[in-house]
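# Close look at the chain arrangement
One-letter residues, chain by chain:
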Amino acid sequence: MAFDDFRSFLDTLDKEGQLLRVTEQVDAEPDLGAAANAAARLGDRAPALYFDNVTGFTDARIALNVHGSWANHALALGLPADLPVKEQVAEFIRRWETFPVPPERRENPPWAENTLEGDDVDLFKVLPLFRLNDGDGGFYLDKAAVISRDPEDPGHFGKQNVGVYRMEVKGRAKLGLQPVPMHDIALHLAKAEEVGEDLPVAIALGNDPVMTIVASTPMAYDQSEYEMAGALRGVPAPIATAPLTGLDVPWGAEVVLEGVIEGRKREIEGPFGEFTGHYSGGRSMTVVRIDRISFRSNPIFESLYLGMPWTEVDYLIGASTCVPIHQQLKREFPEVQAVNAMYTHGLLAIVSTKKRYGGFAKAVGMRAMTTPHGLGYLKMVILVDEDVDPFNLPQVMWALSTKVNAAGDIVNIPNLPVVELDPGSQPAGITNKLIIDATTPVAPDNRGHYSQPVRDLPEAGAWLAKLQGMLANR
């Protein structure tokens, strides 16, 4: 089932028992952030949370933790809620292969029901804003899809970027936006500033669940997120034209903001409790001027809690980080079997691969670090054999403890780029990167004594099925 808007997905979560409506009155701070923080501790079937009785707001509807479990992630893709994560990733890969699926342009988007322009623009009139963590420097929009175009090639649909970037609310019509240098919006902005221009942007809040997943997915510069959304949905993604900027935006959004990133203008933004489990400090960031707000009647505000992993963001981007790296590696190294890059936004990845010859696994690790995502995020790669499941951490730990000889299996590469939010980088944005080869050496690398592995008994498979059946029938 494909969802065309945010509300239809909330309805499905409700029917599946994956939406918890909190009817009692709560305080915006600290209750909303604390509740989302706590939901992340409920495990792989944690529900989304819905609040509509918040102190200080007369008409607030707030949804949190919408993607915050593997059950909800599966439902977003139209899969059974109990589908294991490894199988969700496999289905993600299968659908990825159907890319591109062109979008469907529709008229009369629900977000066009109400409009604020000019002096009437006021984010505080439309959005029930609150801080997520005590140390945040202000209110943040952290689950919105930001749309921009390549100023040098505005007619190229694939170079229109849809990405999730954190934005601090700095006034009635002003946001601070962090354009990570490795992300497409930073390239768009650099091109606009080179010729002394502002960069038009549209910001869509409260989107259908697949659009949010795709906006969080590392893709090639000229690949369209809308065409990937169609592949993952199995049907074309509905889009509409934003009236002020002419940008393509999700048809089913709750709220659409339009304006510009003001060229060559920077102000202090932050701090913010980040996906790394640490606060990012105050930094000089871009300024967004909002010139128009379009919104549904009675809009629902969606926000994303970030903090000490795991939180909603880890479920949101887990599969969508694994799959692009897997596909990019597989094109050049068909020996690659699986990629698990779910740990803290893909700063660490585990790759299982066959080997052609000695040293091959290390070459795969180095290539992983130069994928579009790996350039900015991937700072550690663990390589394991093809018979080791990278999603099975006990198997991975076995490989680490028995296959690794620090004398030749650890590669430390200095002074490479990483996202500035990595608290271990020094200076911010620069780090050493690490490859750990936990694969079995093959010729001409003949180190170690690996010629006599213990194999599962031939009867073990039948006994596994038998014991599982006995447990199910207790």
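In case you missed it, the structure is sitting above this.
Residues numbered from 1 in each chain as written. Predicted model: local features only at pLDDT ≥ 70, side-chain atom pairs only at ≥ 80, totals over all residues. Heavy atoms only, no water.

### A short note on the packing of helix α4 (residues 85-96) against helix α8 (residues 225-233)
Selection criterion: Interaxial angles span 0 to 180 degrees and are taken between N-to-C directions of axes, which are lines fitted to C-alpha atoms, for helices over the stretch in contact. Going along the chain from the N terminus, every DSSP run of H or I of four or more residues is numbered as a helix, and every run of E of two or more is numbered as a strand. For this classification, under 35 degrees means roughly parallel, over 145 means roughly antiparallel, 65 to 115 means roughly perpendicular, and everything else is oblique. Should the near helix be turned anticlockwise from the far one by less than a right angle, the crossing is termed left-handed; should it be turned clockwise, right-handed. Pairs of residues are marked as contacts when any of their non-hydrogen atoms sit within 4.5 Å. Asp, Glu, Lys and Arg are counted as charged, while Ala, Val, Leu, Ile, Met, Phe, Trp, Tyr, Cys and Pro are counted as nonpolar; the rest, among them Gly, fall into the polar class.
Between α4 and α8, the least distance of the axes is 8 Å, while the angle of their chain directions is 120 degrees. Of the possible angle classes, the one that applies to α4 and α8 is oblique. Note on packing geometry: the crossing formed by α4 with α8 is right-handed. Residue-level inspection shows Phe 92, Arg 95 and Trp 96 of α4 in contact with α8, the latter providing Met 228, Ala 231 and Leu 232. Here the residues of the contact of α4 with α8 are counted per class, giving five nonpolar, no polar and one charged.

### Digging into unusual backbone geometry
In this structure, Pro 271 follows Gly 270 across a cis peptide bond, with omega equal to -5 degrees. The topology assignment puts Pro 271 in the loop between β16 (255-269) and β17 (272-273). The omega torsion across Ala 443 and Pro 444 is 5 degrees, close enough to zero to call that bond cis. The topology assignment puts Pro 444 in the loop between β25 (430-438) and α13 (460-472). Phi at Asn 65 is positive, roughly 60 degrees, even though this residue is not glycine. With respect to the helices and strands, Asn 65 occurs in the loop between β5 (62-64) and α3 (70-76).

### Digging into a nonpolar patch on the surface
This is how it is decided: Patch construction takes residues with relative accessible area above 30% that form no salt bridge. Like charges are linked within 9 Å, and nonpolar side chains (Val, Leu, Ile, Met, Phe, Trp, Tyr) are linked within 5 Å. To measure how exposed things are, a 1.4 Å probe is used in the Shrake-Rupley method; for residues, cover is taken only from the protein chains shown. A carboxyl oxygen of Asp or Glu within 4 Å of a side-chain nitrogen of Lys or Arg is what we treat as a salt bridge.
Together, Trp 463, Leu 467 and Met 470 line one region of the surface with nonpolar side chains, adding up to about 330 Å² of accessible area. Within the secondary structure layout, Met 470 lies in helix α13.

### A closer look at the pattern of salt bridges
Our working rule: Only protein chains enter the area calculation, which uses a 1.4 Å probe; residues under 20% of their type maximum are buried, those over 50% are exposed, and those in between are partly exposed.
Applying the stated criterion across every chain, the model contains 41 salt bridges. One salt bridge connects Glu 254 with Arg 7, and the closest N-O pair in it is separated by 2.8 Å. Of this pair, Glu 254 sits in the loop between β15 (248-250) and β16 while Arg 7 is found in helix α1 (residues 6-15), placing the two residues 247 residues apart along the sequence. According to the relative accessible area criterion, Glu 254 is buried, its value standing at 0%. The partner of Lys 174 in a salt bridge is Glu 267, with the nearest N and O atoms 3.2 Å apart. Of this pair, Lys 174 sits in strand β12 (residues 174-177) while Glu 267 sits in strand β16, placing them 93 residues apart in sequence. Exposure remark for Lys 174: the relative accessible area of 26% places this residue in the partly exposed category. Overall, Glu 267 belongs to the partly exposed group, its relative accessible area being 24%. It is possible to trace a salt-bridge network through shared partners that takes in Lys 362, Asp 409, Asp 437, Asp 445 and Arg 447.

Any functional reading would require information that these geometric values do not contain.
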